[in-house]
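# Chains, contacts and geometry: an overview
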Amino acid sequence: MIGLISATAAGAAARDRLAAAWPGRTRVYEGPVGPSVELAFAECDQLVCFLATGAVVRLISPLLAGKSADPGVVCVDEGQRYAVSLLGGHGGGANELAARVADVLGCAPVVTTATDAADVPGLDTLGWPVEGAVASVTRALLDGEPVALRADAVWPLPPLPGNVGADGDAVLRVTDRVVEPRAREAVLRPPSLVVGVGASRDAPLDEVLGLVEDTLRDAGLSKLSVAALATVDAKAQEPGIVGAAERLGVPLVTYAPETLASITVPNPSSAPLAAVGTPSVAEAAALAEGGELLVPKRKSTGHPAGRAAMATCAVVRRVPRGRLAVVGLGPGARDLLTPRAMQELRRASVLVGLDQYVDQIRDLLRPGTRIVESGLGAEEERARTAVAEARAGHAVALIGSGDAGVYAMASPALAEASGEIDVVGVPGVTAALAAAAILGAPLGHDHVSISLSDLHTPWEVIERRVRAAAEADIVVTFYNPRSRGRDWQLPKALSILAEHRDPGTPTGVVRNASRPDESSRVTTLAGLDPATVDMMTVVTVGNTATREVAGRMVTPRGYRWQS
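Just so it is clear, the model here is predicted, and its values are computed rather than measured.

Criteria and cut-off values
Residues numbered from 1 in each chain as written. Predicted model: local features only at pLDDT ≥ 70, side-chain atom pairs only at ≥ 80, totals over all residues. Heavy atoms only, no water. Helix = DSSP H or I, 4+ residues; strand = E, 2+ residues; numbered from the N terminus. Buried < 20%, exposed > 50% of the residue type's maximum accessible area, 1.4 Å probe, protein only. Contact = heavy atoms within 4.5 Å. Areas by Shrake-Rupley, 256 points an atom, 1.4 Å probe, with all protein chains shown as cover. Lys, Arg positive; Asp, Glu negative; His and termini not counted. Charge placed at Lys NZ, Arg CZ, Asp CG, Glu CD. Salt bridge = Lys/Arg side-chain N within 4 Å of Asp/Glu carboxyl O. Pairing = 2+ DSSP bridges. Arc of directions from axis to C-beta. Axes fitted to C-alpha atoms, helices over the stretch in contact; angles between N-to-C directions. Parallel < 35°, antiparallel > 145°, perpendicular 65-115°, else oblique. Left-handed = near helix turned anticlockwise from the far one by under 90°. Nonpolar A, V, L, I, M, F, W, Y, C, P; charged D, E, K, R; others polar. Phe/Tyr/Trp six-rings, centres within 6.5 Å; stacked < 30°, edge-to-face > 60°.

### Examining the overall build of the chain
The helix and strand inventory of the chain stands at 18 helices and 29 strands. Judged by the C-alpha coordinates and their principal axes, the chain covers about 95 × 65 × 55 Å. When each of the 563 residues of the chain is scored for burial, the buried share is 47%. Restricting the contact set of the chain to residue pairs at least 6 apart, pairs at least 24 apart contribute 64%. Roughly 25900 Å² of accessible area belongs to the chain as shown, and the carbon and sulfur atoms make up 52% of that amount. Across the chain, the centroid of the 53 positively charged side chains sits 1 Å from that of the 63 negatively charged ones.

So, in structure tokens, the structure goes:
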């Protein structure tokens, strides 16, 4: 919940704009600002104060408890010129909140966190617990001092600056093992461990939790690296197991007994088979998503005389999963690159793409991003490279123009990718949509996109698709319409459409949509000269209902709309 506090009429007006923009996510505090700030500080995850920063500093200073507990605080000045991230920039999310406030109010976000200013990922922003000399190692990262990276495995971390390498007095360690950090060592805890848990009915929470914690400690493993507790479906509501997951702050995942019964384990038993339908709960549930069994089944101990153990657990280290984001860059204009695409580009430690597309977004990449670029015609090689980098455990962005799933890199990449990596698709504005917005509203009814390139698709197939679109009276957008080596396909496609449409059918031609040298015109099916079209052009041919209105192509949403 975001608490909103204001002291003046101007502040209240801006406050109400935020409340309207974020329904259900804000709470307005009325009355004197001192008590309001104190109450909001205790009740909310974040605060936006329409007050001077000095006043807010004085009000919150007695309330501060620590970085891990304090809410994020943003101050907005009386003139609504700035949204200042004052407290909890990373841990409290104030830096991100300042940017969102600025988007709503039209002001400038002010972020003074050193890592953000230097465009270096903060160790406390990676979503993993971090221990040890965090401030000292962060300072070394910022100062360009050599920092040694010691990782037990490759994890899909964001790009780290160039001073991170094999050697250095400052150390960034990535491990799930219990270690005592040195004076200049920070330890990142990856979500690598899954603890399988079995329990008798009404097993006490203390017994279940105590078993899990003792098992991890005895194995030299950090409970901060536990990603989940796992058990059989029949124990999904078992209070001791549910409570243990809540106390550890991890999700509880459950599996059907037949799924667990199919998993080979070293210590099967007849007791769980009779009770819940599988010879193993703890070991099988821990191994359900694969990994290395570090701790075989272990029973709880130390019970009152005469009572049997009521809980079992086993620990598995799962294999790190690399991450492949397939990112559409849009048609070329920076303001048509989506915020989600921007986030993925900055998250990736490896970027794979066509050289001219890499040039479009090179300035957005974080320092330390490794770039793998190649020229035209190497699509399959780029797809294989991106998937291989993800399989190696990295966070990879594979880029394409427009939408990466439309005549671009998503299909060859996903044909290569198997289930051992995580895949994220980021949609982009396609060339057809960018051209349509320039032309007017040519796609107002059913429409289809057809590539006229026969490099990968036989012309006979392309012609059959064009003929089907012509006969069905569907608006057609032609991609890859004409190149030096392919100069007859567009005239042939237009002649097929002309068999079913009037010569005066509005036809739009857009070259380099959204780019500085953009050009466009609306002509007719008969009036289009194919010689004026190249590979940077999109051609959109209307259907029998499409009309030219004030120089724009308009396709009605329904034939009943025609006059």
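### Brief notes about the pattern of salt bridges
Overall, the coordinates contain 27 salt bridges when judged by the stated rule. A salt bridge links Glu420 to Arg391; its shortest N-O distance comes to 2.6 Å. Placement of the pair is Glu420 in the loop between helix 15 (410-416) and strand 21 (422-426) and Arg391 in helix 14 (residues 379-391), with a sequence separation of 29 residues. Taking the shortest distance from any N to any O, the salt bridge between Glu499 and Arg467 comes out at 3.1 Å. Placement of Glu499 in the loop between helix 18 (489-498) and strand 25 (506-511) and of Arg467 in helix 17 (residues 459-471) is noted, with a sequence separation of 32 residues between them. According to the relative accessible area criterion, Arg467 is partly exposed, its value standing at 25%.

### Brief notes about unusual backbone geometry
The phi torsion at Gln80 lies on the positive side, around 55°, for a residue other than glycine. On the secondary structure map, Gln80 appears in the loop between strand 4 (72-76) and strand 5 (82-87). Notably, Asp473 is not glycine yet its phi reads approximately 60°, a positive angle. As for its placement among the helices and strands, Asp473 is situated in the loop between helix 17 and strand 24 (475-479). A relative accessible area of 17% places Asp473 in the buried class.

### Notes on the pairing of strand 11 (residues 185-188)
In strand 11, alternate side chains face the same way, and those of Glu185 and Val187 on one face and Ala186 and Leu188 on the other are all buried. Examined bridge by bridge, strand 7 (residues 130-132) and strand 11 share three bridges and lie antiparallel to one another. Within the sheet, the bridge partner assigned to Val130 lies in strand 11 and is Leu188. The pairing of strand 10 (residues 170-174) with strand 11 spans four bridges and is classified as parallel. Paired with Val174 across the bridge in strand 11 is Leu188.

### Concerning helix 18
Three or more residues of helix 18 are buried, namely Gln489, Leu490, Ala493, Leu494, Ile496 and Leu497. One face of helix 18 carries all of its buried residues, which in axial projection span an arc of 155°. Contacts made by the buried residues of helix 18 are with helix 17, strand 24 and strand 27 (537-541).

### Looking at the side chain of Thr430
With respect to the helices and strands, Thr430 occurs in the loop between strand 21 and helix 16 (431-439). Residue classification places Thr430 among the buried positions, given a relative accessible area of 12%. Apart from the residues lying within four places of it in its own chain, the contact partners of Thr430 are Gly402, Asp403, Val406 and Tyr479.

### Considering the packing of helix 7 (residues 205-218) against helix 8 (residues 239-248)
For the pair helix 7 and helix 8, interaxial distance at closest approach is 8 Å and the crossing angle is 50°. One finds that helix 7 runs oblique with respect to helix 8. Classified by chirality, the crossing of helix 8 by helix 7 is right-handed. Here helix 7 contributes Leu205, Val208, Leu209, Val212 and Glu213 to the contact with helix 8, which in turn contributes Gly240, Ile241, Gly243, Ala244, Arg247 and Leu248. Split by residue class, the contact of helix 7 with helix 8 holds seven nonpolar, two polar and two charged.

### Considerations on the environment of Pro191
Within the element layout of this structure, Pro191 appears in the loop between strand 11 and strand 12 (193-199). Expressed as a C-alpha distance, the spacing of Pro191 and Leu224, which sit 33 residues apart in the sequence, is 7.8 Å. Sequence-distant contacts of Pro191, defined by excluding residues within four places in its chain, comprise Trp128, Trp155, Ser225, Ala227 and Arg318.

### Some points on the packing of aromatic side chains
According to the stated counting rule, one finds three aromatic pairs in the structure shown. With a centroid separation of 4.7 Å and an interplanar angle of 55°, the aromatic rings of Tyr407 and Tyr479 are classed as tilted. Here Tyr407 is found in the loop between strand 20 (395-400) and helix 15, whereas its partner Tyr479 is found in strand 24, with 72 residues between them in sequence. For the ring pair Trp459 and Trp488, a centre distance of 5.0 Å and an interplane angle of 70° mean the geometry is edge-to-face. Of the two residues, Trp459 sits in helix 17 while Trp488 sits in the loop between strand 24 and helix 18, which places them 29 residues apart along the sequence. Accessibility expressed as a relative area gives 10% for Trp459, which makes it buried.

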